[in-house]
Every structure is written in C-alpha cells, then in structure tokens.
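Structural description and commentary
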Amino acid sequence: MNISKTLRGRAATAVSLTAVLAIAATGCGDDGSSSGTEGSGKGEITFWDNNGGPRTEIWTEIIKDFEKANPDIKVKYVPIPIADVQSKYDTAIAGGGLPDVGGVGTAYLANIVSQEALEPVNDRLEKSELKGKLVESMVESVKAAGGRGDDMYSVPTSANNGALWYRTDLFEAAGLEAPTTWEKFYVAADKLTDAKKNKFGYTIRGGAGSIAQALDAIYGQTGITEFWDGDRTTLNDPKNVAALEKYAGLFKKTTPAADVNNDFTKMVAQWDTGTIGMLSHNLGSYQDHLKALGEDKFAGIPAPTGAGDKRVQVSNPVDGLGLFRSSKNKNAAWKFIEFAASHESNSKWNESAGAIPANTEAAKDPWISKTEPTALAAKALTDGSTTIVDLPYHLPDWNNISKADNEPEFQKLLLGKVTAKAFLDKMADELNTAQKEWKELGNG
C-alpha cells in the first residue's frame with residue numbers, strides 16, 4: 001500500500017527557496033508528483049551521483065562508455081556530495097528539478113519512496129538482461145528498505161562493508177597482534193597512544209556519519225543480534241549502554257580532540273597522513289590508503305569479534321540506481337541503469353570503490369580475490385561467521401533520526417555533556433515512535 005505523505009522526511013520542510021531554485025536549475029525533471037513519460041529512448045538524461053567527488057572519475061568513465069555504445073543518448077552528470085544527498089532529493093521533490101536517474105542508498109530509500117518520487121522497476125527488470133544477474137541478498141535488502149513488500153525501487157549496484165583499518169607497521173613496532181577482537185582493539189588503542197608526540201591509537205568519527213559507526217561498535221561488543229524486540233528497539237539495552245560508554249570514552253584519551261567534528265573525509269585524510277593506529281571506515285577508502293601509505297603499511301579486516309567470539313555488525317547500506325517517476329525519458333534512463341549495472345560497468349565501478357559488486361558475474365571477477373580487504377569482507381558476509389543486525393532502513397525517517405536529530409547529540413556525548421544512557425534513550429524513543437507510526441499505516 002502507499003505510505004502517507006505525512007511521513008515525508010522532515011528535511012523537506014526545512015529547505016530554503018534558494019536551495020529549491022539551485023536544484024531546479026540542475027535538473028531536467030519535474031517534482032515527484034508527475035508520472036513522467038517513457039520518452040523516445042534518445043536525447044539527454046540527467047544523472048545524480050550520490051557520492052560526487054570520490055566517485056566522479058569512475059562515473060565519468062562509465063558515462064563515456066555508455067554514450068559510445070548509445071550515441072543517441074547524452075548523460076548530464078551532476079555530482080552530489082554524499083552528506084547532502086537526502087536534502088537535495090527532498091528539496092527537488094518539494095520544488096522541482098529531480099533527475100531522470102539517481103544514486104540511491106538503502107539508508108534513505110524509504111524516505112524517497114514515501115514521497116512517491118521513484119518508479120518501481122520490477123517489470124522492467126523482469127524483461128531485462130539483468131534478470132537473474134543481481135545478488136539476491138542485495139535485491140532483498142533493496143526491497144526491504146523500500147518498505148512496500150516485493151516492490152523494488154532501486155537496482156542494486158554495490159554493497160559496502162565496514163572494515164577496521166590498522167597500521168601494520170605501527171602494530172609490528174609495538175609488538176601488537178592484529179585487532180581481531182574488541183579486547184585487542186582496546187589494548188592497541190591505549191598502547192599506540194602518546195598524545196604528547198601527537199600519536200594516537202584510534203580516530204573516532206564525531207562529525208557527519210558518526211551514528212552508524214557508533215552502533216556498529218556497540219552491537220559488535222555486546223553481541224546483541226536483533227535491532228527490535230517486538231515493537232521496541234534494543235538500542236538502549238543496558239549492555240549497549242555500557243558498550244557505548246566504553247567506546248565514547250576513547251575520545252581525547254586515545255583519539256585526537258579534532259575527532260569531535262570529523263566526517264569520513266577528514267578522518268580518512270588524518271589517518272592517511274598521521275601516526276594514528278586504527279580507523280573504522282568502510283571499504284570505500286581502500287584506494288585512498290593505498291595511495292597514501294602503500295600496500296605494506298596497512299591492512300583492513302572485518303569487524304572485531306566480541307562476546308562469545310562472535311562477529312556481529314550492523315547492516316551497511318546497499319547502493320543502487322533509482323528511476324525517477326517524473327522522468328520524461330524513462331526508456332533512455334533505464335538503458336543507462338542497465339548499462340551501469342551490467343557485468344563490465346559494475347565490475348569497473350566496484351573495483352574503483354573497493355566495494356562488493358551487485359552483478360553476480362562481476363562478483364566473480366579476479367580483482368576481488370586480489371584486493372584483500374574486499375575479499376575478506378565478502379568472505380565474512382558469506383561464510384556464516386558474521387551476524388548482521390539490520391538497521392531500520394524501512395522507516396522513512398530513519399536517515400533524519402540517525403543524522404540530523406542525533407549526530408549533534410553524539411558530539412555532546414563525546415564532550416561529556418550527556419550520558420550514554422540519555423543519548424541512547426532519546427534515540428530509542430524516536431525510533432519506537434517512528435516504528436509505531438509505520439505500522440499504523442498498515443506496514444509490517
């Protein structure tokens with residue numbers, strides 16, 4: 001059933017007229033209310049990259065390949081910084097200017113679906129050469145995140161996974177074992193720290209994107225394997241509270257003080273150029289580390305094991321490409337999606353990003369086994385050694401709750417202005433309310 005538009009993301013109500021006009025100028029579409037048209041399959045389409053900057057080079061290459069294979073179609077590329085993606089989509093839905101195709105991650109997919117902005121792709125996929133060639137677990141993740149049963153609102157292109165990156169040279173010099181358990185992680189964080197010499201054992205994410213990393217750390221330590229206990233979240237379970245107290249307690253003790261404001265870009269750059277022992281970030285930063293440090297000075301491993309020697313981690317968003325309902329040339333837009341998700345393009349994109357391909361043929365390509373962090377992550381996700389705690393991507397307000405509403409609160413926690421219990425209780429209350437509203441609309 002259709003989700004009421006009263007659950008649209010709150011970011012949509014906060015945008016300014018300037019932002020509306022800026023986005024409208026870049027798009028070739030309408031707002032989300034238009035049903036668009038199939039179009040001629042020729043002409044220009046607009047594509048929004050949801051990680052503009054880091055992925056601009058590889059998308060430029062894929063677009064060039066696509067235009068060569070489809071000379072009657074031109075792709076207008078618009079890079080959107082990852083931190084601005086949801087607000088840009090919300091702004092365009094409210095004021096006009098949506099693209100034909102856009103990168104859409106499962107973390108904010110439900111928000112866009114609830115605003116009726118995306119076209120279901122089930123029928124198109126059924127008739128496509130992609131049928132049967134997409135990793136089933138990623139397909140299921142996309143369906144679940146959309147929140148509308150078997151309807152599919154994005155074609156998956158990649159899955160990322162969290163990695164604990166560590167400086168092998170620093171660990172060896174200190175006589176430390178690889179941080180494969182949380183106990184070893186905390187020992188290493190302490191031993192590698194000498195604040196007077198500007199050496200730290202770990203860099204903690206305090207700026208944008210901090211919540212998912214913190215949740216990964218607390219569920220990983222406690223071994224709690226479900227996000228929901230009935231209709232209430234396990235987020236503020238006393239075990240999670242204790243784990244968060246320990247994790248947040250690293251700040252300024254074994255981490256730089258600047259971490260309180262660091263997003264992933266600053267955090268990765270700081271780790272690559274300094275003398276910090278460990279960094280929690282996904283596979284996407286592999287190429288940055290390789291360029292900065294060389295392959296002999298670092299390694300990336302799956303999340304440490306915790307209670308009972310179990311590895312538990314929270315789900316990482318599945319990235320994909322969405323076809324926008326308002327597109328005036330859906331035929332051409334779908335051709336681009338098919339091309340980008342095909343074996344060659346999907347393999348090329350994921351090798352560049354260090355991510356796990358959604359195309360089953362690309363997932364078998366040799367480069368994966370040669371890229372150790374990606375190979376280890378893929379193995380951990382498929383060999384039964386890892387339990388995934390599914391974050392509630394199905395809630396249209398999840399991205400707002402986990403970002404705008406609580407990232408500032410996490411900074412207060414690091415600075416000692418709120419307790420771990422108060423932080424988790426606040427976020428849990430918001431999630432319980434959102435889940436109740438979602439179910440009242442006939443879902444679940």
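Structural data are supplied above this passage.
1. Considerations on unusual backbone geometry
- Even without glycine at this site, E116 takes up a positive phi of about 60°.
- Of the residues examined, E116 reaches a relative accessible area of 15% and is grouped as buried.
- Phi is positive for D309, which is not a glycine, with a value near 60°.
- Along the chain, the position of D309 falls in the loop between β10 (299–301) and β11 (311–314).
- Using a relative accessible area of 58% as the deciding quantity, one classes D309 as exposed.

2. Examining helix α6 (residues 136–146)
- When α6 is considered as a whole, its buried residues turn out to be M138, V139, V142, K143, A145 and G146. Looking straight down α6, one finds that the buried residues subtend no more than 165° of arc, so they occupy a single side. Exposed side of α6, more than 90 degrees from the buried face: E136 and A144 are the residues found there.
- Close packing links the buried residues of α6 with α4 (106–114), β4 (155–159), β12 (318–323) and β13 (356–357).
- Two residues or fewer after α6 comes G147, characterised by a positive phi angle close to 80°.

3. Observations concerning the sheet that holds strand β1 (residues 43–49)
- The sheet built from six strands is open, its strands ordered β2-β1-β3-β12-β4-β13 with mixed pairing. Edge positions in the sheet fall to β2 (73–79) and β13, since each has one partner strand and no second.
- By the bridge criterion, two bridges tie β4 to β13 in an arrangement that is antiparallel. Residue pairing across strands places A159 opposite I356, the latter belonging to β13.
- In this fold helix α14 (residues 343–353) packs onto β4, β12 and β13, with an angle of close to 35° to the strand it touches most, β4.

The rules behind these values
Residues numbered from 1 in each chain as written. Predicted model: local features only at pLDDT ≥ 70, side-chain atom pairs only at ≥ 80, totals over all residues. Heavy atoms only, no water. Buried < 20%, exposed > 50% of the residue type's maximum accessible area, 1.4 Å probe, protein only. Helix = DSSP H or I, 4+ residues; strand = E, 2+ residues; numbered from the N terminus. Arc of directions from axis to C-beta. Contact = heavy atoms within 4.5 Å. Pairing = 2+ DSSP bridges. Axes fitted to C-alpha atoms, helices over the stretch in contact; angles between N-to-C directions.

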